[in-house]
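Understanding the architecture of this molecule
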Amino acid sequence: MARKGQVAIQDNIETNEEFEETLMSNFDRLLCLEVYSEFCGHCLATGNAIRKGKLEIGQDRIAMVRALADNIDVLSRFRNRSEPIFLFISKGKLIRAMFGANGLELCRIMEEELENVKIEAETGIERPKQEIEELLPEEAAKIEEDLKMEEEAREKTERLRVLTTAARKKRVCERLARHVRGLNFILYWPHCHKAHLDLYEKWDLINVQVAAKETIQMTEELVKEALYMSDVDPNEACIHALMNGEALVVLFKMFDTDDRDFVKLMRHTLYEEIPVPKEDLPPEKQLPPIPAFERYATISKTAREVRRERYEARMEKLRQEKEDRDRLAAEQARLAREEEEERQRLEKQRQEEERMARIQAGLPADPEPEPAQEAGEEGGEEAVEGEETEVAETEDIEEPEQKEEEQVEVEEEFHSDVSVEDEEYIPPGGLFVPGLYTPPNDLAKANALAYFYPKIVSQITPIESEFLPPHVLVMFTIEKRHDVKDIMDQFPDEILNYGIFIGDDPTTAQHLAYTIKQYNHMSRIRKHNDRLALMVSRKRSLPMLQLAGVNPCYISHDVESGEKDCLVMFPVGYGDDYEEEESVHEEAEEAVEEQAPEQEVVEVVNQEEQEEDEEEDD
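The present account deals with the structure reproduced in this document. (Residues numbered from 1 in each chain as written. Predicted model: local features only at pLDDT ≥ 70, side-chain atom pairs only at ≥ 80, totals over all residues. Heavy atoms only, no water.)

1. Some points on the pattern of salt bridges
Let me state the cut-off plainly: By definition here, a salt bridge exists when the distance from a side-chain nitrogen of Lys or Arg to a carboxyl oxygen of Asp or Glu is within 4 Å. The numbering of helices and of strands both runs from the N terminus, where a helix is a DSSP run of H or I of at least 4 residues and a strand a run of E of at least 2. Partly exposed residues are those whose accessible area sits between 20% and 50% of the maximum for their type, while under 20% is buried and over 50% is exposed, using a 1.4 Å probe and protein chains only.
Applying the stated criterion across every chain yields a total of 43 salt bridges. The residue arginine 175 makes a salt bridge to aspartate 576 at a minimum N-O spacing of 3.4 Å. With arginine 175 in helix 4 (residues 137-177) and aspartate 576 in the loop between helix 18 (559-569) and helix 19 (581-617), this residue pair connects regions lying 401 residues apart in the sequence. A relative accessible area of 29% means that arginine 175 is categorised as partly exposed. Salt bridges linked by common partners bring Arg96, Glu105, Arg108, Glu112, Glu113, Glu120, Arg127 and Lys129 together as one network.

2. Here's the deal with the sheet that holds strand 7 (residues 209-217)
To keep things clear, this is the line we draw: DSSP calls a pair of strands paired once it identifies at least 2 bridges connecting them. Any two residues whose heavy atoms approach within 4.5 Å are treated as being in contact. Helix axes use the C-alpha atoms of the stretch in contact, all axes being lines fitted to C-alpha atoms, and the angles between their N-to-C directions lie in the range 0 to 180 degrees.
With respect to topology, four strands assemble into an open sheet ordered 7-8-6-11, the strand pairing being antiparallel. The open sheet has two free edges, formed respectively by strand 7 and strand 11 (436-437), since each of these has just one partner strand. Relative to strand 8 (residues 246-253), strand 6 (residues 183-188) runs antiparallel, the two being bridged by six bridges. In the strand pairing of strand 8, leucine 183 is matched with lysine 253. Of the strands in this sheet, strand 6, strand 8 and strand 11 touch helix 9 (residues 262-272), which is tilted by about 30 degrees from strand 6. The strands that helix 13 (residues 442-452) touches are strand 6, strand 7, strand 8 and strand 11; relative to strand 6, the one it contacts most, it runs at about 75 degrees.

3. Describing the packing of aromatic side chains
Each aromatic ring pair is specified by the distance between its two centres and by the angle formed by the two planes. Going by this rule: Ring pairs are drawn from Phe, Tyr and Trp, using the six-membered ring of Trp, whenever the two centres fall within 6.5 Å, and their geometry is named by plane angle: stacked under 30 degrees, edge-to-face over 60, tilted for the rest. Only when the NZ atom of a Lys or the CZ atom of an Arg is both within 6 Å of the ring centre and within 35 degrees of the ring normal do we say a charge sits over the ring.
This model, assessed by the stated rule, comprises nine aromatic pairs. Here the aromatic rings of tyrosine 514 and tyrosine 574 are separated by 5.1 Å at their centres, their planes lie at 50 degrees, and the arrangement is tilted. Within this pair, whereas tyrosine 514 is found in the loop between strand 14 (510-513) and helix 16 (516-520), its partner tyrosine 574 is found in the loop between helix 18 and helix 19, the two being separated by 60 residues in sequence. Taken together through their ring pairs, the aromatic side chains of Phe501, Tyr514, Phe570, Tyr574 and Tyr578 make up a single cluster. When the ring centre of tyrosine 228 is taken as reference, the NZ or CZ atom of lysine 169 above it lies at 5.0 Å.

4. A few points about helix 2 (residues 47-58)
What counts is decided by this rule: A helix is expected to span 1.5 Å multiplied by its residue count minus one. As used here, the arc belongs to the directions running from the helix axis to the C-beta atoms.
The end-to-end C-alpha distance of helix 2, which contains 12 residues, comes to 15 Å, matching closely the 16 Å that a straight helix rising 1.5 Å per residue would cover. For helix 2, the complete set of buried residues consists of Ala49, Ile50, Gly53, Lys54, Ile57 and Gly58. The buried residues of helix 2 occupy an angular sector of 130 degrees when projected down its axis, which confines them to one face. Seen from the buried face of helix 2, the exposed residues on the opposite side, beyond 90 degrees, are Asn48 and Glu56. Residues of helix 2 that are buried sit in contact with strand 2 (30-36), strand 3 (62-68), strand 4 (85-90) and helix 3 (103-123). Looking at the residues trailing helix 2, positive phi occurs at glutamine 59, about 55 degrees.

5. Observations concerning the nonpolar core
The criterion, for reference: Residues belong to a common nonpolar core when they are buried Ala, Val, Leu, Ile, Met, Phe, Trp, Tyr or Cys residues joined through side-chain atoms within 4.5 Å.
With 53 residues, the main nonpolar core has Tyr188, Trp203, Met218, Leu436, Tyr437 and Phe452 as its most contacted residues. The contacts of tryptophan 203, once residues within four sequence positions are left out, are Ile186, Tyr188, His196, Val208, Val210, Phe252, Met266, Thr269 and Leu270.

6. Digging into the environment of tyrosine 453
Position of tyrosine 453 relative to the elements: it lies in the loop between helix 13 and helix 14 (454-460). Expressed as a C-alpha distance, the spacing of tyrosine 453 and phenylalanine 185, which sit 268 residues apart in the sequence, is 9.9 Å. Not counting residues up to four positions away in its chain, the partners in contact with tyrosine 453 are Ala212, Lys213, Glu214, Val249, Val250 and Leu251.

What follows is the structure, encoded as structure tokens:
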């Protein structure tokens, strides 16, 4: 008996010509097209389902084809995707799509589509079909679902980043607050600089001193840092008033022997303490009997009130300019009048001298005027008078028109409740605007001090940052810890953190020890899966090259995965509460070792002196 020929389960096509030929040759059959990309290959998990669909379900009624999307134009939308995609084609048109490696679902769809093809052939009624390059409803839903999942993943990543940064920032502030207990500050809004002078004598009463003063032009980033963990509502009016000019920041310092809580002291002084009336000052010069914070706090004005103030300020400026012009014109007129009077006096004096000279010469005192000269002088005077009249009339006509135009423009600006072009921003009305601020807790104080006075704070303690440089996770077998320790000592700034763990997987590794010294002193038996994990900065490549030479057993793929791995193994605050108790014993041992030679020298000296005394006695 002859052996049957082997049946081809699934054909491969890789070009546009092969794709078109496959559509034509399988025009009357159901075509199940598996689409894949070259970088990941076809799906292996659905191999049994494809075999069953060809041999048991469809047989000759179905054609199983595997298509490479990288080289076929109509399948370009499926390129560079690792998820298996199955397209069902009938009579050269696309009717259905399935995503994912689900063999049971694939077999079910094959049976359902074969039944639909049979019904179409019997009834002659065809289902709606579309071109292969067009999106099916399933594809559109899949794309929308993928976009939604990507957006959720981005939001989750961003939320994790924000929470991690906030936790790191809180940790940095807690560590910094331990060293700046004797410092504090007050922030004055740009319109309340005078408050510092009004409150100056209070600092002597509470026994603190002004250490520094700075005027700073606030920005949005600096406002966020200045009001970190504060009790100030950063509304639009508050931020606008704080950025509308240079803010005044005054640094205060307590004496070294003072152990009071500086935060509570300043808060009580500004927010609760009521000024005591002074007997040597009249009532009108006394401060109001309310705390300083309430005295300088304001409520933002409405847009109409702001426009009215701007209108009045503009009118005041126009009046001032008019007064200056009038004053200048009056001064010029006075100088011209005095100059004219001086000229007339000199002319009269000249004429008198000329008259006396004519009398002494025996001539008539006044010369006889010529007729032509007299006629010309009279005509000139009339012409000048006519010109002055015309100029005066012209000025009288133009001045009312100009005043009327100014008045109309001013009234329209004042009565308008809508914004005009190029109008300066007006914040919403009715919002609270504090005139001054002092931090309500140690964390807010430490964070703001590091931004306002970094030089002074850095002289007390190093200022850390909540933002870590790009970093990756590197793991070694525990036997290489001494070689790795030598590299760590060479690049202390690049090794952000390290520890000893059990296991190779960062997500399931269990913490064992914080330092190599702690691990060495453990009585536990060392196991083969003990690992030394390092958080290594990627700002420089040399540390990574040195560590790579020790042959690590695990390195993060990139910076993004490295940050995730390090966050799992080194959470925020990792190792903060750990103190090496062994170091105390080691210091004692070192002290004993240092004292031992001195004691031996003393003993030798005493022995020599004793021998000398015995010789003298003999």
